[in-house]
Amino acid sequence: MSDTINETITPVSQRESLVEIKDLWVEYRIDGGVVHAVNGVSLKIHKGESLGLVGETGAGKTSIAKSILRVLPDPPSRIAGGEIYMDGENMLKLPEHSMRKIRGKKISMIFQDPMTALNPTKTVGAQIAEAIILHEKMSKAEAAIRATEMLETVGITKERYTDYPHQFSGGMKQRVVIAMAMACRPELLLADEPTTALDVTVQAQILDMMTNLKKETGTSVLMITHDLGIVAETCDSVAVVYAGEIVEYGSMTEIFDDPRHPYTVGLFGSLPSIDSKELRLKPIQGMMPDPMNLPSGCKFSPRCPYADENCKCAVPSDVTVGGTHIAKCFKAGEKKA
Amino acid sequence: MTPILETKNLKKYFKTKKGMLHAVDGIDLSIQRGRTLGVVGESGCGKSTLGRTILHLLEPTEGSMRFNGKDITKVSPKELAQLREHMQIIFQDPFSSLNPRMTVSEILVEPLIISGKFTREEIEKKRVELLDTVGLPKRYANSYPHELDGGRRQRIGIGRALALEPDFIVCDEPVSALDVSIQAQILNLLQDLQEQRGLTYVFITHDLSVVKHISHDIMVMYLGQMVEQAPSEELFAHTYHPYTKALLSAIPVPNAHKRMQRILLKGEITSPVNPAPGCRFYSRCPYACEECKNPQRIEQVAPGHFISCCQARKINNL
Amino acid sequence: MSRENKNATLNFQETSGDVELKRTSQFKETMKRLFKNKGAIVGLVVIVLMIIMLIFAEQIAPYDYSAQDYTAIYQKPSAQHLMGTDELGRDVFSRIIVGSRLSMRMGLCSVAIAATIGIIFGSIAGYYGGAVDNVLMRFLDIYQSIPGTIFCVALAAVLGPGLNNAIIAVGVTSMSGYARMIRASIMQVRSMEYIEAARSINAKDGRILLRHIIPNAISPLIVYITMSIGGCILLAASLSFIGLGAQPPLPEWGAMLSAGRSKMRDCGYLVIFPGMAIMISVLAFNLLGDGLRDALDPRLRN
């Protein structure tokens with residue numbers, strides 16, 4: 001039963017890079033100050049890779065994803081620095097009409113609530129076809145055929161082409177949204193907590209479908225989630241986000257077998273697991289810092305059981321633990337789990 | 001030992017335009033003092049309705065309930081007021097379950113003010129006590145709910161439920177809306193309180209890992225009916241009902257090397273309005289057969305382990 | 001279960017990165033947001049000026065509003081008569097100032113009547129729901145199917161001319177908006193979990209209504225009331241314009257407009273000043289109402 005997760009021949013880290021984020025900074029200006037949502041994030045997504053972006057609410061994961069597509073509302077948000085490369089071009093410097101060609105075609109995004117993407121007054125078939133026509137030169141009839149194929153790929157019978165969103169359940173709506181997002185065969189799919197609002201049995205169906213779809217099309221996936229179980233099941237690599245920074249990164253096995261950053265360790269300790277026999281959970285003390293008032297030194301130091309005086313003054317840099325595994329911690333060298 | 005709470009054939013139906021919605025359809029419960037019954041199921045299974053019916057926030061349509069041996073199926077307002085001093089509820093949503101125009105202190109002591117049995121000094125003392133019990137620093141006493149985050153707001157909800165010192169608390173998905181690390185803090189708090197005060201919980205959730213952690217006994221519900229019920233360890237060691245099996249297999253495991261043999265259910269949940277007699281899981285069950293269309297009986301397959309499935313013995317080679 | 005673990009959960013340390021506690025009530029926050037809105041401040045300033053004007057009308061007005069001077073009829077605005085004089089030699093400026101009392105009185109009193117009737121109506125419908133709600137709402141539908149202005153005029157005609165009758169007419173006509181507003185508000189609040197929570201701790205209906213529902217349902221109504229003061233002033237002025245409402249010699253702005261209409265070509269000032277007075281006061285209330293709505297809107301909260 002314990003198969004290797006990566007069935008591909010090339011290990012993910014050696015594949016070509018698809019999207020590279022370099023030193024991204026995002027802030028939001030609001031009454032009362034500036035929210036530092038993303039603080040110097042650098043990340044590489046490779047072709048055909050499933051990268052899990054893990055963190056709790058307010059960590060900045062959604063801001064990172066929305067920056068890639070440049071769909072952050074400006075104002076109040078602002079990309080304060082950094083570059084995002086795809087196909088050799090810095091997307092942050094592209095004019096808006098070029099970005100429009102990318103959205104939905106090269107990079108697509110799906111969200112937790114399917115109704116953010118679905119128009120309640122149009123049939124689902126028409127909406128998928130519309131997404132196709134926007135990017136590909138096709139007649140309406142051809143687009144309709146492709147849309148029907150997409151519906152069947154995501155597990156919806158073609159008779160339902162003419163149904164409206166309200167006639168579908170939550171899980172089915174999310175399938176429609178996935179069909180829309182994948183209709184133009186994007187190279188990268190940004191999935192922001194796509195199954196959080198679904199029942200666990202429906203979630204299993206959707207994740208299964210997404211895995212098969214990904215295998216067929218070779219699309220890279222950036223899976224944003226707070227659920228480490230989903231990460232274990234669907235992702236090749238993991239980036240752990242805390243207070244707008246990537247505090248740990250590595251392949252899925254590296255992170256799950258040997259987490260080095262105290263926050264990652266804390267996350268695992270907070271999980272009530274089906275397997276474990278712990279009587280008491282080991283939650284992380286305290287709360288995530290206020291993004292308007294981030295602590296000096298290591299941002300996790302106020303809550304960290306391993307922190308010392310140095311941690312509170314100096315900002316740690318990325319320490320290579322081994323292979324592709326890096327952790328942003330002065331104590332990264334010590335085994336913790 | 002008289003169970004603290006017992007229900008027999010408890011039903012709650014709602015009249016809708018399309019017909020009768022069978023939200024809770026014949027639930028038998030028996031909970032001993034100081035234990036936690038976890039009620040697990042996905043959306044539409046009726047677990048929240050069950051919790052509210054037990055507390056008379058909804059009136060039962062049929063069936064009976066007993067609290068400490070006394071029949072509480074029909075109660076007068078005065079009896080209900082007395083009952084509420086022993087049975088309380090913690091809500092799921094820490095945002096909508098607190099009045100945005102009341103301060104933390106006001107929310108915590110409101111139950112005491114309403115009961116009218118406490119002097120001002122006693123209420124003041126209680127206020128300080130409650131803040132401490134749920135781990136809220138005193139400086140939040142005059143804050144408003146919108147100034148605090150989800151975890152702290154949930155602590156307020158817990159404090160409010162504890163104010164009248166009840167014996168029995170229905171916890172309606174109390175950690176579902178919280179982040180993982182905050183979830184862990186709250187779960188630990190609930191367990192500590194149970195140990196210190198001998199509280200009995202009905203813990204409603206959709207999250208099987210959470211329920212395993214906190215419950216002594218677990219009841220799995222599907223479309224208003226009990227499909228399987230067993231002590232916690234036993235349920236996970238020996239899962240007999242096809243739905244429970246599917247539910248367990250669906251949970252993504254945060255482990256790099258282990259994988260569950262996934263049972264994927266076909267189709268979607270059917271409607272609880274005017275349901276057909278017989279097993280409600282019929283349309284999605286991989287083992288469905290003709291006999292499943294008849295009303296199912298509840299069988300005991302092991303000590304304390306009950307299921308409602310005509311095929312269970314065959315499937316599990318019992 | 002060790003001691004350390006118990007302490008770890010119950011006495012956790014607050015982190016240094018925690019939010020600094022600003023103990024602001026929602027009211028103070030709303031006021032802060034309101035004062036950031038320039039339009040609202042303008043509106044508020046104008047209203048305050050109006051209030052000062054109407055309190056000290058006798059001191060500010062250079063002439064008695066009904067003092068007639070046959071030697072100075074139809075005078076254009078000058079140093080002696082800042083806004084000119086009307087057909088009876090009365091100083092327009094003084095009349096405008098004193099008239100502010102009438103307009104404010106009409107606006108506020110009719111809103112008070114409309115709000116009271118509307119809130120009682122809407123609260124009953126909203127709180128009890130079901131058949132009660134159905135009956136009351138159908139009645140309201142019929143009520144609202146009669147065009148408002150016509151209904152108001154007809155009612156004022158039946159009651160007879162006079163300022164107070166005009167106030168009653170405007171008030172009764174406008175009540176349906178309040179009824180629907182408070183009903184919708186109450187129905188929304190009723191479905192909130194904290195109402196259920198209040199029941200679970202034994203709160204009786206009365207306490208739930210007063211302590212939990214009304215304080216939370218009232219916000220949209222505050223905006224609506226502010227905005228409708230302007231509307232009521234306008235409606236009352238319209239009644240005076242057609243001869244119902246304020247009767248001469250009362251210097252109600254609508255009546256002044258009506259009187260000056262025939263001489264509009266030569267003595268434009270007779271129409272411009274009352275017209276502007278109406279416009280500015282209605283605008284002031286609308287700006288304030290707009291600002292209040294934005295300040296109270298939770299979606300604009302960060």
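Residues numbered from 1 in each chain as written. Chains lettered and ligands numbered in written order. Predicted model: local features only at pLDDT ≥ 70, side-chain atom pairs only at ≥ 80, totals over all residues.

**Things to note about the overall build of chain A**
For step 1, the next point in the chain: Check the secondary structure of chain A and you find ten helices and twelve strands.
For step 2, the next point in the chain: The globule rule puts the C-alpha radius of gyration for 337 residues at 20 Å, and the 21 Å found for chain A is close to it.
For step 3, the next point in the chain: Counting only residues that meet the buried cut, chain A has 50% of its 337 residues in that class.
For step 4, the next point in the chain: Of the contacts made within chain A by residues no fewer than 6 positions apart, 66% connect residues no fewer than 24 positions apart. (Helix = DSSP H or I, 4+ residues; strand = E, 2+ residues; numbered from the N terminus. Rg over C-alpha atoms; globule rule 2.2 N^0.38 Å. Buried ≥ 20, exposed ≤ 12 C-beta atoms within 10 Å, placed from the backbone. Contact = placed C-beta atoms within 7 Å.)

**Focus on the overall build of chain C**
For step 1, the next point in the chain: Regarding its fold elements, chain C presents twelve helices and zero strands.
For step 2, the next point in the chain: Along chain C, helices and strands appear, N-terminal first, in the series α-α-α-α-α-α-α-α-α-α-α-α.
For step 3, the next point in the chain: Classification of the 302 residues of chain C by burial places 39% in the buried group.

**A few points about the interface of chain A and chain B**
For step 1, the next point in the chain: Opposite the 38 residues of chain A that make contact, chain B presents 35 residues.
For step 2, the next point in the chain: Contributions of two or more residues to the side of chain A that touches chain B are made by α6 (200-217), α7 (228-234), α8 (252-257) and α9 (262-270) of chain A.
For step 3, the next point in the chain: Of the residues forming the side of chain A that touches chain B, the biggest block, six residues, is contributed by α6 of chain A.
For step 4, the next point in the chain: For the side of chain A that touches chain B, the per-class residue count stands at 16 nonpolar, 13 polar and nine charged. (Nonpolar A, V, L, I, M, F, W, Y, C, P; charged D, E, K, R; others polar.)

**Observations concerning the pairing of strand β2 (residues 33-46) of chain A**
Residue and element names in this part refer to chain A.
For step 1, the next point in the chain: In this sheet, β2 lies alongside strand β1 (residues 17-30) in antiparallel orientation, the contact comprising eleven bridges. Within β2, the residue paired with isoleucine 30 across the bridge is glycine 33.
For step 2, the next point in the chain: Counting the residues in the hairpin turn of β1 and β2 gives two residues, including glycine 32, whose phi is positive at 100°. (Pairing = 2+ DSSP bridges.)

**Here we look at helix α5 (residues 170-182) of chain A**
All names here are of chain A.
For step 1, the next point in the chain: When the terminal C-alpha atoms of α5 are compared, their 18 Å separation across 13 residues agrees well with the 18 Å that a helix rising 1.5 Å per residue should span.
For step 2, the next point in the chain: α5 sits mainly inside the fold: twelve of its 13 residues count as buried.
For step 3, the next point in the chain: Of all the positions in α5, only Gly171, Met172, Lys173, Gln174, Arg175, Val176, Val177, Ile178, Ala179, Met180, Ala181 and Met182 are classed as buried.
For step 4, the next point in the chain: Those residues of α5 hidden inside the fold are in contact with β6 (107-110), α3 (124-135), α4 (140-153), β7 (188-192) and α6. (Expected span 1.5 Å × (residues − 1).)

**What to know about unusual backbone geometry**
For step 1, the next point in the chain: With an omega dihedral of 0°, the bond running from aspartate 74 of chain A to proline 75 of chain A counts as a cis peptide bond.
For step 2, the next point in the chain: With respect to the helices and strands, proline 75 of chain A occurs in the loop between α1 (61-69) and β4 (77-86).
For step 3, the next point in the chain: Between proline 75 of chain A and the following residue, proline 76 of chain A, the backbone shows a cis peptide bond with an omega angle of 0°.
For step 4, the next point in the chain: Mapped onto the secondary structure, proline 76 of chain A falls in the loop between α1 and β4.
For step 5, the next point in the chain: Although it is not a glycine, arginine 185 of chain A adopts a positive phi angle of roughly 50°.
For step 6, the next point in the chain: Take arginine 185 of chain A: it is sitting in the loop between α5 and β7.
For step 7, the next point in the chain: The partly exposed category is assigned to arginine 185 of chain A, around which 15 C-beta atoms lie within 10 Å.
For step 8, the next point in the chain: Within the chain, glutamate 165 of chain B stands out as a residue other than glycine whose phi angle is a positive 55°.
For step 9, the next point in the chain: Counting through the fold element by element, glutamate 165 of chain B comes out in the loop between α5 (150-162) and β7 (168-172).

**What about the domain arrangement of chain A?**
Residue and element names in this part refer to chain A.
For step 1, the next point in the chain: For chain A, the domain assignment lists domain 1 (1-105 + 187-337) and domain 2 (107-185).
For step 2, the next point in the chain: Taking only C-alpha atoms, the centre of domain 1 and the centre of domain 2 are 28 Å apart.
For step 3, the next point in the chain: Listed by partner, the interface residues are 25 residues for domain 1 and 22 residues for domain 2.
For step 4, the next point in the chain: Considering every element that reaches the side of domain 1 that touches domain 2, the biggest residue donor is α6, with seven residues.
For step 5, the next point in the chain: Of the residues assigned to the side of domain 1 that touches domain 2, the class counts are 16 nonpolar, four polar and five charged. (Domains from an automatic or database assignment.)

**Re the interface of chain B and chain C**
For step 1, the next point in the chain: Listed as interface residues are 30 residues of chain B and, on the opposing side, 23 residues of chain C.
For step 2, the next point in the chain: Those elements giving two or more residues to the side of chain B that touches chain C turn out to be α2 (77-84), β6 (87-90), α3 (104-115) and α6 (180-197) of chain B.
For step 3, the next point in the chain: Sorting elements by how many residues they give to the side of chain B that touches chain C places α6 of chain B first, with five residues.
For step 4, the next point in the chain: Partitioned by chemical class, the residues of the side of chain B that touches chain C number twelve nonpolar, ten polar and eight charged.

**Things to note about the environment of aspartate 93 of chain B**
For step 1, the next point in the chain: With respect to the helices and strands, aspartate 93 of chain B occurs in the loop between β6 and α3.
For step 2, the next point in the chain: Sequence separation between aspartate 93 of chain B and valine 175 of chain B is 82 residues; the distance between their C-alpha atoms is 8.7 Å.
For step 3, the next point in the chain: Not counting chain neighbours up to four residues away, the residues in contact with aspartate 93 of chain B comprise Ala177 of chain B together with Glu193 of chain C.

**Some thoughts on the packing of helix α3 (residues 38-55) of chain C against helix α5 (residues 92-128) of chain C**
Residues and elements named next belong to chain C.
For step 1, the next point in the chain: Following both chains from N to C, one finds α3 and α5 inclined at 110°, their axes separated by 8 Å at the closest point. Our classification of the angle between α3 and α5 gives roughly perpendicular. Note that α3 runs across α5; the crossing there is left-handed. Residues Met50, Met53 and Leu54 of α3 lie in contact with α5, whose contacting residues are Ile97, Ser100, Arg101 and Met104.
For step 2, the next point in the chain: In terms of residue class, the contact of α3 with α5 is built from five nonpolar, one polar and one charged. (Axes fitted to C-alpha atoms, helices over the stretch in contact; angles between N-to-C directions. Parallel < 35°, antiparallel > 145°, perpendicular 65-115°, else oblique. Left-handed = near helix turned anticlockwise from the far one by under 90°.)

**Digging into the pairing of strand β8 (residues 200-205) of chain B**
Residues and elements named next belong to chain B.
For step 1, the next point in the chain: Burial runs high along β8: six of the six residues are buried.
For step 2, the next point in the chain: Burial along β8 is two-sided: Thr200, Val202 and Ile204 and Tyr201, Phe203 and Thr205, pointing in opposite directions, are all buried.
For step 3, the next point in the chain: The pairing of strand β3 (residues 36-40) with β8 spans five bridges and is parallel. Across the sheet, residue leucine 37 finds its bridge partner in β8, namely valine 202.
For step 4, the next point in the chain: Here β7 runs beside β8; their pairing, made up of five bridges, is parallel. Residue pairing for β8: aspartate 172 is matched across the bridge by isoleucine 204.
For step 5, the next point in the chain: Remark: the β7/α6/β8 crossover connection has right-handed handedness. (Right-handed = clockwise from strand over helix to strand, strands pointing away.)

**Let's talk about the sheet that holds strand β5 (residues 70-71) of chain B**
Residues and elements named next belong to chain B.
For step 1, the next point in the chain: The strand order β2-β1-β4-β5 describes an open sheet built from four strands, whose pairing is antiparallel. Because the sheet does not close on itself, it has two edges, and the strands there are β2 (19-31) and β5.
For step 2, the next point in the chain: Here strand β1 (residues 5-16) runs beside strand β4 (residues 62-67); their pairing, made up of five bridges, is antiparallel. By the bridge assignment, threonine 7 is partnered in β4 with methionine 65.
For step 3, the next point in the chain: Helix α1 (residues 47-54) contacts β1, β2 and β4 of the sheet and is inclined by roughly 65° relative to β2.

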